[in-house]
Amino acid sequence: LETASSQSRRDYLEKKRSALEQSKKLSAATESAGTVSGEVNFLLSPLAWVTYFCLEVKELRDSPRRIAQLLYIDQDQLRGILHTLHDLGLIEIGEHIFQVTKTKKNHFHYSFDHPLTHLHQQMLRLMCDSHYLRLPDRKRHRFMATFNADEAAFERIRDLFADFIKEVEKVAVKAPSRGVYQLNFEAFSWLAAGSKA
């Protein structure tokens, strides 16, 4: 909602947010304490997600107000995000909210069957697309391929993709946190929905 540029998109997202808030109220009696709702807020806020990773970069942790400019948000939005991260125990602060003293390392790997994974990915994808379009050509790269094959070849490609992600993780974990990067891949069949093809 915060990054949507068209009024129709904002209206759609506002309805979706209202529906989520309503469903949250309906299930409030069965929820345990604030951890669950905090996790929901974190997963469904791409800005909070990316801000957390920005705070892993020492220069941004030392001067978090810079994040607002980098993510095209205002200081009030950033303040709210920092409060959310603090409430979730993901950051420690000093005398005020803009004095982030520590980020608590956490490797976020939500399984595909986590109830919020797909919605989280959709919302993060929208933010990625918006940010991608703002970048100069030399700072962005996108690869897309449409191809013919059979199911066995597609399965082999998915296995190669899984192996690639494991290698990427090894490289990323060892690297110093000096920047925040995004890597998106999708693999799917155009004919899978409603078809045996």
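Residues numbered from 1 in each chain as written. Predicted model: local features only at pLDDT ≥ 70, side-chain atom pairs only at ≥ 80, totals over all residues. Heavy atoms only, no water.

## So, the overall build of the protein
Regarding its fold elements, the protein presents eight helices and two strands. Sequence-ordered secondary structure for the protein, helices as α and strands as β, is α-α-α-α-α-α-β-β-α-α. Among the 197 residues that make up the protein, the fraction classed as buried is 24%. Across the protein, the fraction of contacts at a sequence separation of at least 24, relative to all contacts at a separation of at least 6, is 53%. Surface exposure of the protein reaches about 14400 Å², of which carbon and sulfur atoms provide 55%. (Helix = DSSP H or I, 4+ residues; strand = E, 2+ residues; numbered from the N terminus. Buried < 20%, exposed > 50% of the residue type's maximum accessible area, 1.4 Å probe, protein only. Contact = heavy atoms within 4.5 Å. Areas by Shrake-Rupley, 256 points an atom, 1.4 Å probe, with all protein chains shown as cover.)

## A closer look at the nonpolar core
Leu 82 and Leu 85 are the most contacted members of the largest nonpolar core, which has 28 residues in total. Among the elements of the structure, α2 (34–43), α3 (46–54), α5 (65–70), α6 (75–87) and α7 (117–134) are those that each provide at least two residues to this core. Counting residues per element, this core draws most heavily on α3, which supplies six residues. Beyond its immediate stretch of four places on either side in the chain, Leu 82 contacts Thr 51, Leu 55, Ile 91, Ile 97, Phe 98 and Val 100. (Core = buried A, V, L, I, M, F, W, Y, C linked by side-chain atoms within 4.5 Å.)

## Some thoughts on the pairing of strand β2 (residues 100–103)
Here three bridges tie strand β1 (residues 91–93) to β2, and the two strands are oriented antiparallel to one another. Looking across to β2, one finds that Ile 93 is bridged to Val 100. (Pairing = 2+ DSSP bridges.)

## Points about the packing of α3 against α7
Packed helices, taken two at a time, are described by the angle their axes make and the gap between the axes. Viewed as axis vectors pointing N to C, α3 and α7 meet at an angle of 75 degrees, and their least axial separation amounts to 9 Å. One finds that α3 runs roughly perpendicular with respect to α7. Between α3, through Pro 46, Leu 47, Trp 49 and Val 50, and α7, the contact on the second element is made entirely by His 120, Met 123, Leu 124 and Met 127. In terms of residue class, the contact of α3 with α7 is built from seven nonpolar, one polar and no charged. (Axes fitted to C-alpha atoms, helices over the stretch in contact; angles between N-to-C directions. Parallel < 35°, antiparallel > 145°, perpendicular 65-115°, else oblique. Nonpolar A, V, L, I, M, F, W, Y, C, P; charged D, E, K, R; others polar.)

## Quick look at the pattern of salt bridges
Once the charged atoms of two side chains with opposite charge are near each other, the side chains can pair. Across all of its chains, the model carries eight salt bridges by this definition. Of the charged contacts, one joins Arg 140 and Asp 137 as a salt bridge, the two residues approaching to 2.7 Å between their closest N and O atoms. Using a relative accessible area of 59% as the deciding quantity, one classes Asp 137 as exposed. In this structure, the salt-bridge partner of Lys 170 is Glu 167, at a minimum N-O distance of 3.2 Å. (Salt bridge = Lys/Arg side-chain N within 4 Å of Asp/Glu carboxyl O.)

## Digging into a nonpolar patch on the surface
There is a patch of nonpolar side chains on the surface, built from Phe 161, Phe 164, Ile 165, Leu 183 and Phe 185 and spanning about 440 Å² of accessible area. Mapping Phe 161 onto the fold places it in helix α8 (residues 151–174). (Patch = residues over 30% accessible without salt bridge, like charges linked within 9 Å, V, L, I, M, F, W, Y side chains within 5 Å.)

## With respect to the packing of aromatic side chains
For the coordinates displayed, the defined rule picks out six aromatic pairs. For the ring pair Phe 42 and Trp 49, a centre distance of 5.4 Å and an interplane angle of 40 degrees mean the geometry is tilted. A single burial state applies to Phe 42 and to Trp 49, both of which are buried. Between Trp 49 and Phe 53, the ring centres sit 5.6 Å apart and the planes meet at 50 degrees, which makes this aromatic pair tilted. (Phe/Tyr/Trp six-rings, centres within 6.5 Å; stacked < 30°, edge-to-face > 60°.)

## Some points on the confidence of the model for the protein
Scored by pLDDT, the protein has a mean of 82; 81% of the residues are at 70 or more. When the criterion is pLDDT under 50, residues 26–34 qualifies, and its contacts beyond four places in sequence or with other chains add up to three contacts. (pLDDT = per-residue confidence, 0-100.)

## Re the packing of α3 against α6
Contact geometry of α3 with α6 gives a least axis separation of 10 Å together with a crossing angle of 75 degrees. Considering the angle they form, α3 stands roughly perpendicular to α6. Contacts from Leu 47, Ala 48, Thr 51 and Tyr 52 of α3 reach α6 at Gln 77, Leu 78, Ile 81, Leu 82 and Leu 85. Looking at the contact of α3 with α6, its residues break down into seven nonpolar, two polar and no charged.

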